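The chain contents come next:
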Amino acid sequence: MRVLFFPPSRSCSTLDPVPVWRAWPKSFGAGLFAAGALLTASAFLIATAFLITTAFLITTAPEGIAASPNPISGAYRIEGWRGMEKRGLHHFFYLHPGGRFLLGAAWPGHETSRFVGAWSVAGARVTLKGKGRVETSQGTWTVEFLRTYRISKEKGAVRLAPIPEKNRYGLMGWPNAFRHYRDGPATNLPGADIPAGEEEILRYIERLLEK
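Quick look at the structure, then.

Cut-offs and rules
- Residues numbered from 1 in each chain as written.
- Predicted model: local features only at pLDDT ≥ 70, side-chain atom pairs only at ≥ 80, totals over all residues.
- Heavy atoms only, no water.
- Helix = DSSP H or I, 4+ residues; strand = E, 2+ residues; numbered from the N terminus.
- Buried < 20%, exposed > 50% of the residue type's maximum accessible area, 1.4 Å probe, protein only.
- Contact = heavy atoms within 4.5 Å.
- Phe/Tyr/Trp six-rings, centres within 6.5 Å; stacked < 30°, edge-to-face > 60°.
- Core = buried A, V, L, I, M, F, W, Y, C linked by side-chain atoms within 4.5 Å.
- Pairing = 2+ DSSP bridges.
- Axes fitted to C-alpha atoms, helices over the stretch in contact; angles between N-to-C directions.

### Description of the overall build of the chain
Phase 1 of the analysis: Within the chain, the regular secondary structure consists of 4 helices and 8 strands.
Phase 2 of the analysis: Starting at the N terminus, the α and β elements of the chain follow one another as α-α-β-α-β-β-β-β-β-β-β-α.
Phase 3 of the analysis: Buried residues in the chain amount to 32% of all 211 residues.
Phase 4 of the analysis: If you take every contact in the chain between residues at least 6 apart in sequence, the share linking residues at least 24 apart comes to 50%.

Given below as structure tokens:
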């Protein structure tokens, strides 16, 4: 008996394996490449815009001054205050973080003054605007207070130098600059009724503004 062997028909056999990537249409691969390029370009543009914006903000802000909110608030001491206070001359200079200020001066037997109002910063200058009362041995007067100080930073401390101008502010109208002393209030007026706490000073300022 002869046994005949017939090779399987090619139509019934498993097709020759073809790599998947070869089976994809060329347009599909091109689309993936284009999408990847688009995403890369978008990410690059976003990163570039972020860097440019950050650099602009850094370069336009005054160094050490405008980097944080209310960076110059706090108590200041007039330059040469130790020698002045030995002679009985006292200056009180305080910028409240909320935007109010309280200035005071005392020269027992000669002058007592208080100035209150609001302070604001523009560039490298701070302007104090409000009102005050000066009581001296020569008379008493109430004045509108408006004075601008130039902001700088020396030896790690903020310095406020008044722009010279004629005024009737008594001791608080001197041309001496003020240097940052501490963040909170630092009362140093002899026998003064100025409170020591930050919020208490704010209430004191508001009471004087209402008068």
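### A few points about the environment of Gly104
Phase 1 of the analysis: Note on placement: Gly104 falls in strand E3 (residues 100–107).
Phase 2 of the analysis: Sequence separation between Gly104 and Phe93 is 11 residues; the distance between their C-alpha atoms is 6.6 Å.
Phase 3 of the analysis: In this structure Gly104 touches His90, His91, Phe92, Ser113, Arg114, Met172 and Leu189, once residues within four positions along its chain are discounted.

### Notes on the environment of Leu208
Phase 1 of the analysis: Structurally, Leu208 is set in helix H4 (residues 198–210).
Phase 2 of the analysis: Given a relative accessible area of 17%, Leu208 falls into the buried group.
Phase 3 of the analysis: Setting aside residues no more than four positions away along its own chain, Leu208 makes contact with Arg114, Val116 and Lys131.

### As for the packing of aromatic side chains
Phase 1 of the analysis: Evaluation of the coordinates by the stated rule reveals 8 aromatic pairs.
Phase 2 of the analysis: Each ring, one from Trp81 and one from Tyr181, has its centre 6.3 Å from the other, and the planes form 75 degrees; the classification is edge-to-face. Here Trp81, found in helix H3 (residues 81–86), pairs with Tyr181, found in strand E8 (residues 178–182); they are 100 residues apart in sequence, far enough to count as distant.
Phase 3 of the analysis: Overall, Tyr181 belongs to the partly exposed group, its relative accessible area being 43%.
Phase 4 of the analysis: Judged by centre distance (5.5 Å) and plane angle (90 degrees), the ring pair of Phe93 and Tyr149 falls under edge-to-face. In this pair, Phe93 is assigned in strand E2 (residues 90–95) and Tyr149 in strand E6 (residues 139–154), connecting sequence segments 56 residues apart. Tyr149 shares its class with Phe93; the two are buried.

### Quick notes on the nonpolar core
Phase 1 of the analysis: Grouped together as the largest cluster of nonpolar side chains are 27 residues, with contacts concentrated most on Phe93, Leu95, Leu103, Phe115, Leu128, Tyr149 and Leu160.
Phase 2 of the analysis: Elements that contribute at least two residues to this core include exactly strand E1 (74–78), H3, E2, E3, strand E4 (111–122), strand E5 (125–136), E6 and strand E7 (157–162).
Phase 3 of the analysis: In this structure Leu160 touches Tyr76, Phe93, Leu95, Val126, Tyr149, Arg150, Ile151, Ala177 and Phe178, once residues within four positions along its chain are discounted.
Phase 4 of the analysis: Core analysis: the second largest hydrophobic core is formed by 13 residues, Tyr94, Ala106, Ala186 and Leu208 among them.

### Structural notes on the sheet that holds E5
Phase 1 of the analysis: Pairing is antiparallel in the closed barrel, where 8 strands are placed in the order E1-E2-E3-E4-E5-E6-E7-E8. Across this sheet, the average inter-strand angle for adjacent strands is 30 degrees, counted without regard to direction.
Phase 2 of the analysis: Note: E2 against E3, 6 bridges, orientation antiparallel. Within E3, the position partnered with Phe93 by the bridge is Leu103.
Phase 3 of the analysis: Set on the sheet, H4 makes contact with E2, E3, E4 and E5; between it and E3 the angle comes to about 85 degrees.

That's the geometry; what it means functionally is another story.
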